[in-house]
4 protein chains.
Amino acid sequence: MSESTKQRLFEATLELATSRGLAGLTVDEIAAAAGVAKGTVYYNFGSKDGLIDALLRYGVGQLADRLRAARDDREPVEGLESLVDTGLEFIAGHRGFSQILVSEMWRTPGQWQDTLSLLREEILSIVREQLRRVADAGRLPDDVEISTAAAGLFGTLLVVALDWQAFQPQRSRADVRESIMVLLRGLTR
Amino acid sequence: MSESTKQRLFEATLELATSRGLAGLTVDEIAAAAGVAKGTVYYNFGSKDGLIDALLRYGVGQLADRLRAARDDREPVEGLESLVDTGLEFIAGHRGFSQILVSEMWRTPGQWQDTLSLLREEILSIVREQLRRVADAGRLPDDVEISTAAAGLFGTLLVVALDWQAFQPQRSRADVRESIMVLLRGLTR
Amino acid sequence: MSESTKQRLFEATLELATSRGLAGLTVDEIAAAAGVAKGTVYYNFGSKDGLIDALLRYGVGQLADRLRAARDDREPVEGLESLVDTGLEFIAGHRGFSQILVSEMWRTPGQWQDTLSLLREEILSIVREQLRRVADAGRLPDDVEISTAAAGLFGTLLVVALDWQAFQPQRSRADVRESIMVLLRGLTR
Amino acid sequence: MSESTKQRLFEATLELATSRGLAGLTVDEIAAAAGVAKGTVYYNFGSKDGLIDALLRYGVGQLADRLRAARDDREPVEGLESLVDTGLEFIAGHRGFSQILVSEMWRTPGQWQDTLSLLREEILSIVREQLRRVADAGRLPDDVEISTAAAGLFGTLLVVALDWQAFQPQRSRADVRESIMVLLRGLTR
DNA sequence: CATGAATGAGAATTCATTCAT
DNA sequence: AATGAATGAATTCTCATTCAT
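What counts, and at which threshold
- Residues numbered from 1 in each chain as written.
- Chains lettered and ligands numbered in written order.
- Predicted model: local features only at pLDDT ≥ 70, side-chain atom pairs only at ≥ 80, totals over all residues.
- Heavy atoms only, no water.
- Domains from an automatic or database assignment.
- Buried area = accessible area lost by both parts, 1.4 Å probe.
- Salt bridge = Lys/Arg side-chain N within 4 Å of Asp/Glu carboxyl O.
- Polar contact = N/O pair within 3.5 Å; in protein donor to acceptor, adjacent residues only side chain to side chain.
- Helix = DSSP H or I, 4+ residues; strand = E, 2+ residues; numbered from the N terminus.
- Phe/Tyr/Trp six-rings, centres within 6.5 Å; stacked < 30°, edge-to-face > 60°.
- Buried < 20%, exposed > 50% of the residue type's maximum accessible area, 1.4 Å probe, protein only.
- Lys NZ or Arg CZ within 6 Å of the ring centre and 35° of its normal.
- Near = heavy atom within 4 Å.
- Contact = heavy atoms within 4.5 Å.
- Nonpolar A, V, L, I, M, F, W, Y, C, P; charged D, E, K, R; others polar.

Labelled according to an unreviewed UniProt entry, chain A appears under the name TetR/AcrR family transcriptional regulator, originating from Amycolatopsis acididurans.

Written as structure tokens, this is what we have:
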């Protein structure tokens, strides 16, 4: 079934990209790691970029789903913390994918820039919405611009989580979450 | 003189990388932009990777120098803000360089991982030192661990600055600095 | 079919090497002569060295096949002469190949030393076996050690044949064969 | 003094060529191994080929001197054996140089073919002269052509000696000499 | 006499893509 | 739906040679 082939290609690409970055991957490697012939990549995705593009959409889709599920009708600030926690959990559990995001997200004309802009927007809109609730509850200082704060929060979350994994793996997730919360609480007072 | 050749190559590479990203550059282009023959790159750096490696050290050296110069005997929190501002200025002025930093810094084994670990440490030690002063002045909450905060601050700065350049170029630098300061002020209360 | 591509590359390489030597060939030339794209060489052999390595095995295989075919149930000394004649014929017909054999065979660590040691052994075992028959027929002096004689005979054959081709091309093959036979007859008395 | 520089370059080249062959050497390596700057090679020899050329002449000159010294007014066949023994001794003592000779001597258009033809002739004339004496003493069969035999003897000597060094280093020089003598005695009866 | 930084033509190698099966 | 041999443009890298000091 085609779905399993695509899935296998996604997983192999993720696995390889974790250590070598997206740009450094060859279609040969990906196909070999997925246990399919090279032509199969082209049959299923049309091109290398097509595969990467699909992979990015797939991964971000998963992240967005989780984030959306994490929001609830609780108190706004708690909801924000829940968002952060969910984000941290996802990143820790999908390190390879997250590394790809940081690696490619801010690369200027980067090959996947268009897709990434779209995906970034999808995530940010979720964060912005939650920040908006916090603001509506009067818990955000007036001089904080929501879209800026959302972008900053997303980037910080990504980077802090990866730094944790790469350079301070002995820290617990709760510990890392708390570091970010300290910042957020400062912000939301 | 060899130093000037290396210097010219660094500058040409940085220049090109700012608009096109480091990964996509060819040695031909770099040499042409620097006004030297292609062989000269290999004579001086051994390989394309050798050039990038040297460039990373050079760039981080520059950043560290600026950061060190930004610290002064003023009030600790102001000193911290000065550090942030200097960092922002540097990143905005060396976009290509900063992009490679984010792209490679958190890649697991990564080609330049060894170099980057060293360089990360060089920057972090400066940030840590300043945070220490802030703490000594009693301006940091007790539950904030300095080395964690330093790593988070560095990553956040990098990412927020790049996000600004890539997705919100119309914002002013002062504006962006203020976004980060809001966070810091929350932290340092 | 892949076999025919490899075959074509072997033949083209051998052809070119006969007039220009193996070391001086470029992959471009070889591919052009074989009527395939340059990438095909890399697809099939991985590298220029890989091609040469495979070619050595292929060539020695051919030589060994011919030598084995040349042995028959005739009188032992005649069989030995037949071996020599076959060897001469092969070398004369594959000059480029033989040159690389002499060039590389006795080079201390040499790029293809491992391959060549194996190949040398394959040829020598055939020669040894024939010398053994001569000895069993009581036609070899007692003080001649077979493995030493085999190695000497192989080397001599190679060198004499190449010397003929390079410096005395006007001599006939029969003439050259006779020169070696004179030595062998002295030996087998 | 220039002589010592040339000498150092000869020795370094010989040393390197022993394991890697002449063609694979770079001027950089040679200069580094000799402890001089690259320009010095060009100052002294004009080109890489000039260095190799001079080296070949130098080495063969040494060999020719020894061979000439080995001939004496003794009985012709003994003189021939003395020639062989001296040749063996030289080769064993100058393995690197000898490997170069075998590697390059029969390479068809080889870059140093002209020089090598001359040098080959220098050695062969010595061998031919001695064989002539043997013939004059009535110790050579009528069907042996002297110049052919000389070429064969030279090649065989070279190859057998190298085979000894590379593949059967445990044998004594006397042992190896005896192997060749067996052939020669058969020839000279 | 000697140096070594710089050169650039030439060679090896990579890799996304195509296409006949 | 999948394959994998073949391609060739693009790139990296090599190295003999030059030349100003």
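(A) Representation of the domain arrangement of chain A. Residue and element names in this part refer to chain A. Assigned domains of chain A: these are domain 1 (1-46) and domain 2 (54-187). Between domain 1 and domain 2, a total of about 890 Å² is buried, with carbon and sulfur atoms accounting for 78% of that surface. Our enumeration of links across domain 1 and domain 2 arrives at zero salt bridges. Remark: the boundary between domain 1 and domain 2 carries one residue pair in polar contact (both at pLDDT 80 or more). The dominant element in the side of domain 1 that touches domain 2, judged by the number of residues it contributes, is helix 1 (residues 2-20), at six residues.

(B) Looking closely at the packing of aromatic side chains. This model, assessed by the stated rule, comprises 12 aromatic pairs over all chains. Look at Phe 10 of chain C and Tyr 58 of chain C: their rings are 4.6 Å apart centre to centre, the planes differ by 25 degrees, and that puts the pair in the stacked class. Taken as a pair, Phe 10 of chain C in helix 1 (residues 2-20) and Tyr 58 of chain C in helix 4 (residues 48-70) lie far apart in primary sequence, 48 residues in all. Judged by its relative accessible area of 8%, Phe 10 of chain C is buried. Ring centres of Phe 90 of chain C and Phe 97 of chain C lie 6.1 Å apart, and the angle between their planes is 90 degrees; on these two criteria the pair is classed as edge-to-face. Phe 97 of chain C gets classed as buried once you look at its relative accessible area, which sits at 2%. Taken together, the aromatic side chains of Phe 10, Phe 45 and Tyr 58 of chain A make up a single cluster linked through ring pairs. Sitting over the face of the ring of Phe 45 of chain A, Lys 6 of chain A holds its NZ or CZ atom 5.7 Å from the ring centroid.

(C) Structural detail: the protein's contact with DNA strand E. The immediate surroundings of DNA strand E are formed by 31 residues, with Val 27 of chain A, Thr 5, Thr 40 and Tyr 43 of chain B together with Thr 40 of chain D found nearest. For DNA strand E, the backbone makes up 67% of the atoms found within 4 Å of the protein, where backbone means sugar plus phosphate. With respect to DNA strand E, the backbone of Ala 37 of chain B contributes an N or O atom lying 3.0 Å from a phosphate oxygen. Contact distances for DNA strand E include 3.2 Å between a phosphate oxygen and a side-chain N or O atom of Asn 44 of chain B. Looking at the surface near DNA strand E, the elements that each hand over two or more residues are helix 3 (38-45) of chain A, helix 3 (38-45) of chain B, helix 3 (38-45) of chain C together with helix 3 (38-45) of chain D.

(D) Examining the pattern of salt bridges more closely. Residue and element names in this part refer to chain C. Per the counting criterion, the structure on display carries 48 salt bridges over all chains. A salt bridge links Arg 171 to Asp 175; the shortest N-O distance between them is 3.2 Å. Note on Arg 171: relative accessible area 10%, which makes it buried. Relative accessible area serves as the criterion here: at 34%, Asp 175 is assigned to the partly exposed category.

(E) Local environment of the interface of chain D and chain C. Between chain D and chain C, the residue contacts involve 37 residues of the former and 37 residues of the latter. A combined buried area of about 3,100 Å² lies between chain D and chain C, and 61% of that area is made up of carbon and sulfur atoms. The interface formed by chain D and chain C contains two salt bridges. Residue Asp 163 of chain C pairs with Arg 120 of chain D through a salt bridge whose shortest N-O separation is 2.5 Å. Linking chain D to chain C there are seven residue pairs in polar contact (both at pLDDT 80 or more). Residue assignment for the side of chain D that touches chain C shows that the elements contributing at least two residues are helix 1 (2-20), helix 6 (95-105), helix 7 (113-136), helix 8 (146-167) and helix 9 (173-187) of chain D. With 11 residues, helix 8 of chain D is the largest single contributor of residues to the side of chain D that touches chain C.

(F) Main features of the interface of chain A and chain B. Contact with chain A, which involves 37 residues of that partner, is made by 37 residues of chain B. On inspection of chain A and its partner chain B, the count reaches two salt bridges. Applying the counting rule to chain A against chain B returns seven residue pairs in polar contact (both at pLDDT 80 or more). At the level of secondary structure, the elements contributing two or more residues to the side of chain A that touches chain B comprise helix 1, helix 6 (95-105), helix 7 (113-136), helix 8 (146-167) and helix 9 (173-187) of chain A. The element best represented in the side of chain A that touches chain B is helix 8 of chain A, accounting for 11 residues. Looking at side-chain class alone, the side of chain A that touches chain B contains 15 nonpolar, 15 polar and seven charged residues.

(G) Examining the protein's contact with DNA strand F more closely. Residues in close proximity to DNA strand F total 31 residues, the closest being Thr 40 of chain A, Thr 5, Thr 40 and Tyr 43 of chain C together with Val 27 of chain D. In DNA strand F, atoms within 4 Å of the protein come 61% from sugar and phosphate. At 3.3 Å, a backbone N or O of Gly 39 of chain C approaches a base nitrogen of DNA strand F. Secondary structure elements with two or more residues in the surface near DNA strand F: helix 3 of chain A, helix 2 (27-34) and helix 3 of chain B, helix 3 of chain C together with helix 3 of chain D. By residue number, the principal contributor to the surface near DNA strand F is helix 3 of chain A, which donates five residues.

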